[in-house]
Amino acid sequence: MLIAPLVEDDLDSITQALLVPSPVGGVYARTGLFERAIEGLSSFISRHREPETQVLRFPPVMSRVELERSGYLHSFPHLLGGVSCLKGDEAAIRAAVKQPDWVDELAPTELVLSPAACYPVYPMAAAAGPIPAKGLIFDVASDCFRHESTHEVGRFQTFQMREFVCLGTPEQVIDFRTRWIFLAQRMAKLLGLKHELAPASDPFFGRAGRLAAMSQLEQSLKFELLIPIRSEEEPTACMSFNCHRDHFSTVWHLVTANGDQAHTGCVAFGLDRLALAMFRTHGLDLTKWPAIVRENLSI
Ligand code: 5GP
Ligand code: ZN
């Protein structure tokens, strides 16, 4: 497949037609045109859902305590956003908002903004008891927030994430990830997207984080499907395939049917990035997208 090199102006006109900027970098309103692609992608992904998958849709916030217990403060404190509110009676709140530095009066709540769609699934599954012998698969989604330091096209502070999550024996999780690595590449092909699978690591925090990232790479725990958005030379991670080994099962005491420690893994689709990649590849006029692609997306 040949994709013409994209000059900066093209990228600007594509994003202008799809996203309306807000005063805050990396935060946009999505236009109807963009949403049509997102809706098409969401149902395309749903059609690939495996049998006996449990569907859960999460709000954009989650329990702060659960995220703390998941180890997020150790691994990615630089990306975290919390929910804070004004507290007290009417007089206290009125007095607080009169201050020029009223934000200093905000107090933390028991909520944080979800940094990935799968975090709430592990404690929920653990509360239901041991994992059945055939394993568990969930289909989850939420709007996510990450306090990103740069806001180039495709790096949003808030974005829509869809995931399939597997909990079971180490073999079940490896099988799940292998199936999805294969399937996701087939899906990218059906969408007419140029793609490349690459080993990857998460953006762990600080010096210890660099070691964690190296070890993640060495153990092949993360792969990404890279698709051109900003350039062909530096394609963007639009999907990821993650093996957490026993990380979440240690935190949440997730065990298999015979009492062994479970493993977990997830495959994540960045819906906004996928939609941008579709427009970047096929153009802004949906009627000119290849017939097979339109059929796959029901557009
Ligand atoms: P991961 O948890 O692997 O970092 O992210 C899962 C998926 O979410 C990525 O493959 C990507 O598609 C999407 N994603 C991650 N960070 C961003 C971001 O800053 N902006 C957008 N739009 N999507 C992101
Ligand atoms: Zn996940």
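On a predicted model such as this, the values are computed, not experimentally measured, just so you know.

**Focus: the domain arrangement of the chain**
Okay, step 1: As assigned here, the chain comprises domain 1 (8-80 + 115-297) and domain 2 (82-112).
Okay, step 2: If you average the C-alpha positions of domain 1 and of domain 2, the two centres end up 33 Å apart.
Okay, step 3: On the domain 2 side, the residues contacting the 7 residues of domain 1 number 6 residues.
Okay, step 4: Between domain 1 and domain 2, a total of about 540 Å² is buried, with carbon and sulfur atoms accounting for 64% of that surface.
Okay, step 5: For the interface between domain 1 and domain 2, the tally reads 0 salt bridges.
Okay, step 6: One can count 3 residue pairs in polar contact (both at pLDDT 80 or more) joining domain 1 with domain 2.
Okay, step 7: Elements supplying a minimum of two residues to the side of domain 1 that touches domain 2: β4 (61-63) and α3 (64-69).
Okay, step 8: Sort the elements by how many residues they give to the side of domain 1 that touches domain 2 and β4 lands first, with 3 residues.

**Observations regarding helix α8 (residues 206-218)**
Okay, step 1: Taking 1.5 Å as the rise per residue, α8 with 13 residues should run 18 Å; its terminal C-alpha atoms sit 19 Å apart, in good agreement.
Okay, step 2: Turning to α8, its buried residues number three or more, namely G209, A213 and Q216. Looking straight down α8, one finds that the buried residues subtend no more than 60° of arc, so they occupy a single side. What points out from α8, more than 90 degrees from its buried face, is the exposed set R207, A208, R210, L211 and E218.
Okay, step 3: Looking at the buried side of α8, the elements it contacts are β10 (222-227).
Okay, step 4: Of the residues one or two after α8, S220 is the one with positive phi, at around 55°.

**A closer look at the sheet that holds strand β12 (residues 263-270)**
Okay, step 1: Here 7 strands make up an open sheet; going across it, the order is β3-β7-β8-β12-β11-β10-β9 and the pairing mixed. One side of each edge strand has no neighbouring strand; the edge strands of this open sheet are β3 (53-57) and β9 (196-199). Strand-to-strand, the axes of this sheet are offset by a mean angle of 20°, without reference to chain direction.
Okay, step 2: For strand β7 (residues 136-145) and strand β8 (residues 158-168), the ladder comprises 10 bridges, and the chain directions are antiparallel. Paired with D139 across the two strands is F164, which belongs to β8.
Okay, step 3: Across the sheet, helix α2 (residues 32-47) is in contact with β8 and β12; its angle to β8 comes to roughly 5°.
Okay, step 4: Strands in contact with helix α7 (residues 170-190) are β7, β8, β9, β10, β11 (236-245) and β12; relative to β12, the strand with the most contacts, it is inclined by about 15°.

Conventions we followed
Residues numbered from 1 in each chain as written. Chains lettered and ligands numbered in written order. Predicted model: local features only at pLDDT ≥ 70, side-chain atom pairs only at ≥ 80, totals over all residues. Heavy atoms only, no water. Domains from an automatic or database assignment. Contact = heavy atoms within 4.5 Å. Buried area = accessible area lost by both parts, 1.4 Å probe. Salt bridge = Lys/Arg side-chain N within 4 Å of Asp/Glu carboxyl O. Polar contact = N/O pair within 3.5 Å; in protein donor to acceptor, adjacent residues only side chain to side chain. Helix = DSSP H or I, 4+ residues; strand = E, 2+ residues; numbered from the N terminus. Expected span 1.5 Å × (residues − 1). Buried < 20%, exposed > 50% of the residue type's maximum accessible area, 1.4 Å probe, protein only. Arc of directions from axis to C-beta. Pairing = 2+ DSSP bridges. Axes fitted to C-alpha atoms, helices over the stretch in contact; angles between N-to-C directions.

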